[in-house]
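Close look at the chain arrangement
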Number of protein chains: 4
Amino acid sequence: MIKAGIIGSTGYAGAELVRLLAQHPEAQVVWYGSRSYIDRKYADVYRNMFQIVDAVCMDDDMDALAEAVDVIFTATPQGLCASLVSEEILSKVKIVDLSADFRLKDVAVYEKWYGISHKSPQFIEEAVYGLCEINREQVKQARLVANPGCYTTCSILTAYPLVKEGLIDPSTLIIDAKSGTSGAGRGAKVNNLFCEVNENIKAYGVASHRHTPEIEEQLGYAAGEQFTISFTPHLVPMNRGILATEYASLKAGVTKEMVAAAYDQYYANEPFVRVSHDSQPVETRWVEGSNYVDISYVIDPRTNRIIMMGAIDNLVKGAAGQAVQNMNLLFGLPETEGLTQPPMFP
Amino acid sequence: MIKAGIIGSTGYAGAELVRLLAQHPEAQVVWYGSRSYIDRKYADVYRNMFQIVDAVCMDDDMDALAEAVDVIFTATPQGLCASLVSEEILSKVKIVDLSADFRLKDVAVYEKWYGISHKSPQFIEEAVYGLCEINREQVKQARLVANPGCYTTCSILTAYPLVKEGLIDPSTLIIDAKSGTSGAGRGAKVNNLFCEVNENIKAYGVASHRHTPEIEEQLGYAAGEQFTISFTPHLVPMNRGILATEYASLKAGVTKEMVAAAYDQYYANEPFVRVSHDSQPVETRWVEGSNYVDISYVIDPRTNRIIMMGAIDNLVKGAAGQAVQNMNLLFGLPETEGLTQPPMFP
Amino acid sequence: MIKAGIIGSTGYAGAELVRLLAQHPEAQVVWYGSRSYIDRKYADVYRNMFQIVDAVCMDDDMDALAEAVDVIFTATPQGLCASLVSEEILSKVKIVDLSADFRLKDVAVYEKWYGISHKSPQFIEEAVYGLCEINREQVKQARLVANPGCYTTCSILTAYPLVKEGLIDPSTLIIDAKSGTSGAGRGAKVNNLFCEVNENIKAYGVASHRHTPEIEEQLGYAAGEQFTISFTPHLVPMNRGILATEYASLKAGVTKEMVAAAYDQYYANEPFVRVSHDSQPVETRWVEGSNYVDISYVIDPRTNRIIMMGAIDNLVKGAAGQAVQNMNLLFGLPETEGLTQPPMFP
Amino acid sequence: MIKAGIIGSTGYAGAELVRLLAQHPEAQVVWYGSRSYIDRKYADVYRNMFQIVDAVCMDDDMDALAEAVDVIFTATPQGLCASLVSEEILSKVKIVDLSADFRLKDVAVYEKWYGISHKSPQFIEEAVYGLCEINREQVKQARLVANPGCYTTCSILTAYPLVKEGLIDPSTLIIDAKSGTSGAGRGAKVNNLFCEVNENIKAYGVASHRHTPEIEEQLGYAAGEQFTISFTPHLVPMNRGILATEYASLKAGVTKEMVAAAYDQYYANEPFVRVSHDSQPVETRWVEGSNYVDISYVIDPRTNRIIMMGAIDNLVKGAAGQAVQNMNLLFGLPETEGLTQPPMFP
């Protein structure tokens with residue numbers, strides 16, 4: 001039985017880890033870290049866990065954690081994991097970092113987009129970008145996994161086969177993404193109050209959102225060249241779900257069959273990627289609560305563009321589910337262990 | 001492995017059965033009945049089941065079903081199950097009826113409140129009212145289980161120990177209930193359109209809702225006497241969840257300790273009933289997606305009333321989850337089998 | 001043209017005053033008070049007022065306000081108005097207080113339920129409870145109007161004619177109320193975040209909500225005797241609206257005709273009260289954005305109870321609209337001036 | 001006083017016309033057409049109009065209407081207006097058609113995208129496309145006004161100054177639009193049920209939505225050349241509002257100042273267009289219930305694209321409000337008459 005510790009277990013991503021690991025046959029949470037709620041019963045903060053979790057919240061003591069657990073999940077704001085990690089800790093325990101600290105290989109890019117200095121640049125090279133469908137083999141060997149961002153997971157996987165196979169012109173890629181509000185976290189901010197979010201849709205972080213360089217870097221590896229994209233996130237009045245609508249110009253001569261073949265080549269055997277070739281748009285409701293990525297696409301002969309659509313649950317495949325998927329890889333378990341619940345609707 | 005057939009598998013309760021049984025280690029659905037979608041792929045109707053369920057929808061052939069399966073779930077409008085059941089069918093297969101056909105023991109009451117004539121009154125006596133926490137032993141012996149209504153499950157369990165122990169005056173009982181919109185079903189009606197339900201709350205079926213006699217009958221057994229109640233359902237702009245706020249006058253001399261002891265006596269060992277004695281109101285979000293019933297209460301010395309509150313997920317404990325719980329009892333499985341997922345939040 | 005000042009203009013009630021007064025032909029806001037946003041453009045806080053309101057937010061300087069305006073609206077937390085009012089101020093300006101400071105005539109009741117000491121008990125006697133339909137004539141003569149609470153406005157008006165005419169037993173009155181989330185205000189609290197409120201319903205303040213004594217006092221005047229009620233508010237995932245479902249036992253011999261006649265006697269000529277005698281439940285969506293109170297009722301012969309239902313927009317008739325209605329009375333304007341917009345649906 | 005008749009008064013757009021005209025000082029509805037509800041009281045269908053509108057619904061008798069009213073609004077499905085209009089009718093009465101029948105100048109394009117044959121092509125040339133900000137002078141002289149679509153109004157106005165002034169390359173224009181659910185109408189369809197729309201976002205009509213050629217035609221006039229665009233609508237779980245996020249490549253040498261100047265040139269004096277130059281994204285909540293179009297934009301030097309954002313209330317500026325604005329122009333009234341209510345928030 002894998003012993004897991006969570007730093008930041010009372011945020012939405014942390015709480016989703018608690019929910020998923022409660023159903024995992026080979027892992028259990030033994031450390032519920034939460035600076036804000038130290039010594040309070042976890043189930044008093046998240047009443048869904050009443051009579052399920054009996055533990056109290058604990059401080060973020062990385063050294064004690066390294067002794068007590070096999071894997072640490074850091075579901076914390078940017079900068080915290082980088083400030084706590086050390087060679088000694090990594091020698092004792094695996095870390096899956098749900099923050100952005102180790103996602104970008106170029107520390108200068110990190111410091112520019114996040115506006116903070118990186119406290120542990122020496123581990124950036126070693127860290128593996130934990131997008132399992134792409135970096136599966138590297139994750140298996142890793143000590144430190146950088147769990148991808150929610151928007152990035154959805155955005156990258158939706159376009160990856162076409163970029164990798166050179167079927168689209170990557171410099172034309174425009175990603176218009178829409179997210180449920182749990183992606184904004186559980187901080188008490190006026191902007192996230194019910195009455196401010198409900199009955200509204202807006203863009204935010206236009207041309208400046210931090211997931212942009214992460215998408216560019218990973219798709220750049222696939223393309224074998226660097227390029228810039230337009231990425232615009234939007235806030236939707238719903239709890240969960242990300243939809244990415246992606247536009248790109250098809251390269252000359254590319255057919256529907258070639259597009260379908262590329263998707264099948266990369267995803268036909270992926271347990272969590274479901275590609276539909278029937279032009280029916282994906283919807284976030286069909287993946288809610290699950291680790292699935294749903295993908296479909298439409299080719300528009302009038303503009304010679306392809307419109308790709310991807311949907312995930314931002315808290316599962318976009319955060320906690322992918323973290324568990326990475327944990328499964330790190331410990332040699334079946335990759336789908338504990339992640340096979342069908343989506344819940346309605 | 002128990003083979004299950006569902007009549008009405010494309011309604012919300014039927015679809016929830018599909019979701020729950022997909023996670024059940026000892027049962028599998030082999031017949032997806034749906035008159036409206038015969039020969040269509042089930043996963044085309046419910047895309048959450050894409051690449052999970054490969055079957056096509058089938059007609060409601062009770063005789064063929066009785067040969068093919070071990071248990072039939074009828075998740076259909078009132079009257080259908082009563083029109084299809086027969087001694088021959090019951091000799092071959094167990095039936096869990098999610099409709100109201102066999103819930104009321106007095107056929108005249110049924111016909112008055114539902115406005116239809118009962119097609120199989122000869123099975124009413126035999127049918128067991130499948131509120132597992134109360135009728136567990138009878139269910140184990142049954143052939144035909146009347147799965148309780150959503151409002152009734154929540155309303156009855158919230159008040160049951162106090163009625164049974166005579167701590168409240170049952171004739172003062174007023175139940176003000178609130179339900180998510182999935183309780184209204186998947187029929188295409190103007191009243192259930194998004195724009196009609198969203199940003200609104202209303203009562204409906206005031207002093208005339210069909211779950212009223214069901215609550216009165218079951219609580220009447222507990223009280224050992226007949227009485228009438230006020231029951232008012234409300235429609236809430238959310239997908240899932242029922243909250244019952246119940247008011248009753250305490251009998252003379254009843255203390256908080258006596259109330260707490262009564263709840264503990266009946267529910268302390270119940271796996272799906274979670275009683276909180278700390279006066280903190282229950283919330284539907286804390287049971288979403290799960291089979292739990294959450295209960296709490298406040299005693300008001302100013303009015304000498306107790307305000308009891310109960311919360312369930314109307315599609316799980318209020319329909320499909322309780323049906324699976326009944327199935328587990330019918331087949332000698334652990335009662336919680338396949339039903340241990342924690343509630344999902346947010 | 002009446003010059004109006006608002007203290008607390010950036011809360012939801014204050015902002016609704018700004019919206020309503022912008023459409024009022026005889027009044028204009030000349031002072032946008034907001035401690036939190038001093039010197040910021042009002043339209044930067046509420047972008048709906050972009051290019052409509054050009055003013056900046058100002059401090060809460062009561063003395064300066066008294067010189068600058070004809071009427072002050074205090075849309076602030078409890079205690080502030082009581083701490084600022086004085087004989088000198090009241091000699092210069094009318095005050096409509098949207099807080100609870102002057103609603104209760106018994107200062108001990110106020111201090112017990114609100115947990116703060118009253119800073120100006122000497123004005124309690126003079127203050128007029130501004131429920132226009134009941135205290136119209138007194139309001140016209142007032143200097144200081146205590147604008148009623150949102151729940152209380154809805155709860156009182158729904159039951160008033162029957163209490164006043166002695167048709168129900170007031171000691172049996174149970175009010176189960178449901179409110180949209182704007183009633184919780186614009187403070188940055190975790191409990192009011194979108195993801196915490198959405199897809200949920202819960203009771204709160206059970207047997208302890210501060211609007212209870214206000215309802216008891218006002219209905220007590222109508223009954224000519226004191227009594228206690230049960231009042232339970234609930235939080236609904238919608239922006240606006242309050243629904244009160246009220247239960248009471250009819251006195252012996254009371255008929256439907258007597259109930260209808262009582263409602264007509266008090267409300268047939270009221271411009272903002274719409275009573276329906278057809279048993280169709282009222283809905284909050286039908287009053288959204290307007291100053292209307294919609295009322296309907298069902299008599300249940302089985303229990304001899306009447307179920308009364310009332311619906312308002314909590315920000316309009318429950319706060320800002322009623323405040324404008326009171327202003328109209330204070331200044332001798334037609335009572336409906338500026339308040340005749342039909343409800344907005346959907 | 002202008003006498004108005006509405007064909008289709010019980011759809012959402014028709015009902016919004018009723019609401020707006022109820023507040024219009026120079027117009028009144030004298031004919032509430034509704035095939036579905038003939039002889040039923042209008043206020044029984046839309047209870048917000050209880051005690052405000054006393055009329056009953058009437059049939060769609062165009063000849064009788066032409067005698068009885070000064071202006072007819074057709075808020076009906078495509079094809080109806082074209083099948084009813086005639087020279088005789090147009091000689092007696094003005095028509096504002098809220099359907100698509102007279103929006104496209106090329107009947108072949110209409111028949112291809114809408115899949116129906118046009119019944120009155122002889123009036124296409126005469127009809128004026130009623131986007132008031134662009135065709136104001138022509139509307140004043142018209143008999144037959146084609147009221148623009150909701151998506152098109154928002155999409156065109158957001159990009160118009162930059163296309164007209166040649167600051168962007170129109171062939172790169174990609175419009176990713178998001179709409180509230182009232183845009184889907186009041187038809188009883190499973191897809192529009194609360195539980196199907198709530199907690200979900202999806203694209204629909206990808207590369208095939210009928211508003212596409214309308215946008216292309218109108219922006220083509222502005223550009224002085226024909227081009228194709230990508231247009232993708234999405235369904236958002238909210239009642240009202242359209243947000244258009246529009247991407248285009250800036251032409252060489254175009255600066256922020258040039259963009260700002262172009263917007264100011266066309267919109268600085270427009271009463272209903274509010275442009276913000278501060279890069280703050282527009283939001284649908286800030287225009288709800290009003291006739292405003294809010295526009296802002298961000299220039300991204302990394303990609304040399306501009307991201308333009310526009311927000312409207314789909315039922316007001318996107319339908320009924322613009323229809324009233326057109327009526328005002330047709331009858332020589334101030335263009336803002338009856339349309340000056342500020343947006344309602346929350």
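Residues numbered from 1 in each chain as written. Chains lettered and ligands numbered in written order. Predicted model: local features only at pLDDT ≥ 70, side-chain atom pairs only at ≥ 80, totals over all residues. Heavy atoms only, no water.

Let's talk about the interface of chain A and chain D
As a measure of interface size, the accessible area lost when the parts come together is often cited. The following threshold applies: Contacts were defined at the residue level, with two residues in contact if any of their heavy atoms lie within 4.5 Å. Here the buried area means the combined drop in accessible surface, using a 1.4 Å probe, for two parts upon being joined, counting both sides. By convention in these notes, a salt bridge is any Lys or Arg side-chain nitrogen within 4 Å of a carboxyl oxygen on Asp or Glu.
Contact with chain A, which involves 48 residues of that partner, is made by 48 residues of chain D. A buried area of about 4,000 Å², summed over both sides, lies between chain A and chain D, and 54% of it is on carbon and sulfur atoms. Looking only at chain A, the three residues that lose the most surface to chain D are Glu199(A), Ile201(A) and Arg302(A), adding up to 17% of its buried area. On inspection of chain A and its partner chain D, the count reaches six salt bridges.

What about the sheet that holds strand S5 (residues 128–129) of chain A?
Sheet strands associate in pairs through backbone hydrogen bonding, adopting either a parallel or an antiparallel arrangement. Residue and element names in this part refer to chain A. Rules: Note on pairing: two strands pair once DSSP finds at least 2 bridges between them. Each helix is a run of DSSP H or I of at least 4 residues and each strand a run of E of at least 2, with the numbering of both proceeding from the N terminus.
A sheet is described by the order of its strands in space; here six strands give the open sequence S2-S1-S3-S4-S6-S5, paired in parallel fashion. Among the strands making up the open sheet, the edge pair consists of strand S2 (27–33) and S5. Of the pairings in the sheet, the one linking strand S1 (residues 2–7) to strand S3 (residues 71–74) comprises four bridges and is parallel in character. Bridge pairing in S3 places Gly5 opposite Ile72.

Overview of the pairing of strand S2 (residues 27–33) of chain D
The condition that has to hold: Accessibility here uses a 1.4 Å probe with only protein chains present; expressed as a share of the type maximum, an area under 20% marks a residue as buried, one over 50% as exposed, and anything in between as partly exposed. When the strands point away from the viewer, a crossover counts as right-handed if the path from the first strand over the helix to the second runs clockwise.
Most of S2(D) sits inside the fold, with five of its seven residues counted as buried. Note on the crossover from strand S1 (residues 2–7) of chain D through helix H1 (residues 12–22) of chain D to S2(D): the handedness is right-handed.

Comments concerning the relation of the copies chain A and chain D
Applicable threshold: Alignment of the copies relies on least squares applied to C-alpha atoms, considering only residues that score at least 70 for pLDDT in both.
Overlaying chain A on chain D yields an RMSD of 0.0 Å, the required transformation being a rotation through 180° with an accompanying axial translation of 0.0 Å. Within this description, the copies of the chain are treated as partners about a two-fold rotation axis. With an isologous cut-off of 70% or more, the 100% of interface residues of chain A that recur at the interface of chain D puts this contact in the isologous class.

So, the packing of aromatic side chains
What characterises a pair of aromatic rings is the spacing of the ring centres plus the angle enclosed by the ring planes. Put simply, the rule reads: In summary, the pairing rule links any two rings of Phe, Tyr or Trp, Trp by its six-membered ring, whose centres are within 6.5 Å, and it sorts them by plane angle into stacked for under 30 degrees, edge-to-face for over 60 and tilted for everything else. By definition, being over a ring means that NZ of Lys or CZ of Arg is both within 6 Å of the ring centre and within 35 degrees of the ring normal.
Scanning all chains against the criterion turns up 50 aromatic pairs over all chains. Between the aromatic rings of Tyr42(D) and Tyr46(D), the centroid separation amounts to 5.7 Å while the plane-to-plane angle is 20°, which identifies the pairing as stacked. Exposure class is identical for Tyr42(D) and Tyr46(D). Each is buried. Taken together, the aromatic side chains of Tyr12(A), Tyr32(A), Tyr42(A), Tyr46(A), Trp286(B) and Phe345(B) make up a single cluster linked through ring pairs. Geometry around Phe50(A) places Arg47(A) over its ring, the cationic atom sitting 5.3 Å from the centre. Cation over ring: Arg186(D) sits above Tyr46(D), and NZ or CZ is 4.6 Å from the ring centre.

What to know about the sheet that holds strand S9 (residues 230–235) of chain B
Residues and elements named next belong to chain B. In space, the seven strands of this open sheet follow the order S8-S9-S7-S10-S13-S12-S11, with mixed pairing throughout. Pairing within the sheet leaves two strands with one partner each, and these edge strands are strand S8 (202–203) and strand S11 (273–275). Both strand S7 (residues 174–179) and strand S10 (residues 242–249) contribute to a ladder of six bridges, which runs antiparallel. Following the sheet pairing, Ala177 is matched in S10 by Ala244.

What about the interface of chain B and chain D?
Residue-level contacts link 19 residues of chain B with 19 residues of chain D. With both chains or domains summed, chain B and chain D bury close to 1,700 Å², and 61% of this area falls on carbon and sulfur atoms. The largest contributions to the chain B side of the interface with chain D come from Leu193(B), Phe194(B) and Cys195(B), which together make up 38% of the buried area. Here chain B is connected to chain D by two salt bridges.

Topic: the pattern of salt bridges
Under the definition given, this model contains 92 salt bridges over all chains. Between Glu88(A) and Lys92(A) there is a salt bridge, with the nearest N and O atoms lying 3.2 Å from each other. Within this pair, Glu88(A) and its partner Lys92(A) are both found in helix H5 (residues 87–92), separated by four residues, close to a single helical turn. Between Glu133(C) and Lys317(C) there is a salt bridge whose closest N-O contact spans 2.9 Å. Taken together, the positions of Glu133(C) in helix H7 (residues 132–140) and Lys317(C) in helix H12 (residues 316–330) put the pair 184 residues apart, joining distant regions of the chain. Lys317(C) gets classed as buried once you look at its relative accessible area, which sits at 0%. Salt bridges here are not isolated pairs; linked through shared partners, they connect Glu16(A), Arg19(A), Arg240(A) and Asp313(A).

Concerning the packing of H7(C) against H12(C)
Residue and element names in this part refer to chain C. To keep things clear, this is the line we draw: Only the contacting stretch of a helix is used when fitting its axis, a line to C-alpha atoms as for every element, and angles between N-to-C directions run 0 to 180 degrees. Should the near helix be turned anticlockwise from the far one by less than a right angle, the crossing is termed left-handed; should it be turned clockwise, right-handed.
Following both chains from N to C, one finds H7 and H12 inclined at 35°, their axes separated by 9 Å at the closest point. H7 and H12 meet at a crossing whose hand is right-handed. Residues Cys132, Glu133, Arg136, Val139 and Lys140 of H7 lie in contact with H12, whose contacting residues are Lys317, Gln322, Gln325, Asn326, Leu329 and Leu330.

Digging into the environment of Arg143(B)
Residue and element names in this part refer to chain B. The following threshold applies: Pairs of N or O atoms are called polar contacts if they sit within 3.5 Å, as long as, within protein, a hydrogen donor faces a hydrogen acceptor (for residues adjacent in sequence, only side-chain-to-side-chain pairs).
The topology assignment puts Arg143 in the loop between helix H7 (132–141) and strand S6 (144–146). Separated by 48 residues in sequence, Arg143 and Ile95 place their C-alpha atoms 6.3 Å apart. Contact partners of Arg143, with chain neighbours within four places excluded, come to Glu87, Leu90, Ser91, Val93, Lys94, Ile95 and Glu126. Among the polar contacts made by the side chain of Arg143, one reaches the side chain of Glu87 at a distance of 2.9 Å. Polar side-chain contacts of Arg143 include one of 2.6 Å to the side chain of Glu126.

Here we look at unusual backbone geometry
The peptide bond linking Phe345(A) to Pro346(A) adopts the cis configuration, its omega dihedral lying at -5°. Relative to the elements of secondary structure, Pro346(A) occurs in the segment after helix H12 (316–330). The phi angle at Asp39(D) is positive, at roughly 75°, despite the residue not being glycine. Even without glycine at this site, Glu199(D) takes up a positive phi of about 55°.

A short note on helix H8 (residues 150–164) of chain C
All names here are of chain C. Spelled out, the test is: Expected helix span is taken as 1.5 Å per residue step, with the number of steps being one fewer than the number of residues. The bend reported for a residue corresponds to the angle between axes fitted to the seven residues ending at that residue and the seven starting there.
Compared with the 21 Å implied by 1.5 Å per residue over 15 residues, the 21 Å span of H8 between its first and last C-alpha is a close match. Roughly 35° is the biggest bend found in H8, and it falls at Thr158, with proline Pro161 one to four residues downstream. Downstream of H8 by one or two residues, Gly166 has phi in the positive range, about 70°.

Description of the state of the cysteines
Selection rule: In this description, the term disulfide denotes a pair of cysteine sulfurs within 2.5 Å.
With the rule as written, the count across this model stands at zero disulfides over all chains. Looking at the unpaired Cys57(A), the closest cysteine sulfur is the one in Cys195(C), lying at 19 Å. There is no disulfide at Cys150(A), and the cysteine sulfur nearest it, in Cys154(A), is 9.1 Å away. Owing to a relative accessible area of 16%, Cys150(A) belongs among the buried residues under this scheme.

Regarding the pairing of strand S4 (residues 94–97) of chain B
All names here are of chain B. In terms of strand pairing, strand S3 (residues 71–74) meets S4 through four bridges, oriented parallel. Looking across to S4, one finds that Thr74 is bridged to Asp97. Bridging between S4 and S6 involves three bridges; their strand directions are parallel. Residue pairing for S6: Val96 is matched across the bridge by Val145.

Concerning the confidence of the model for chain A
The predicted coordinates should not be examined in detail at positions where pLDDT is low. The test is simple: As a per-residue measure, pLDDT tells how confident the predictor is, with possible values from 0 to 100.
Chain-level statistics for chain A give a pLDDT mean of 97 and a share of 100% at 70 or above. Complex prediction metrics read pTM 0.98 and ipTM 0.97.

Remarks on helix H11 (residues 256–267) of chain A
Residues and elements named next belong to chain A. Test applied: What the arc covers is the set of directions going from the helix axis to the C-beta atoms.
With 12 residues, H11 should cover 16 Å at 1.5 Å per step; its first-to-last C-alpha distance of 16 Å lies within 8% of that length. Buried within H11 we find Val259, Ala260, Ala262, Tyr263 and Tyr267. For H11, the arc enclosing every buried residue in end-on projection is 160°, short of the 170-degree limit, so these residues lie on one face. Turned more than 90 degrees away from the buried face of H11 sit Glu257 and Gln265, all of them exposed. Those residues of H11 that are buried lie in contact with helix H8 (150–164), strand S11 (273–275), strand S12 (293–300) and strand S13 (305–312).

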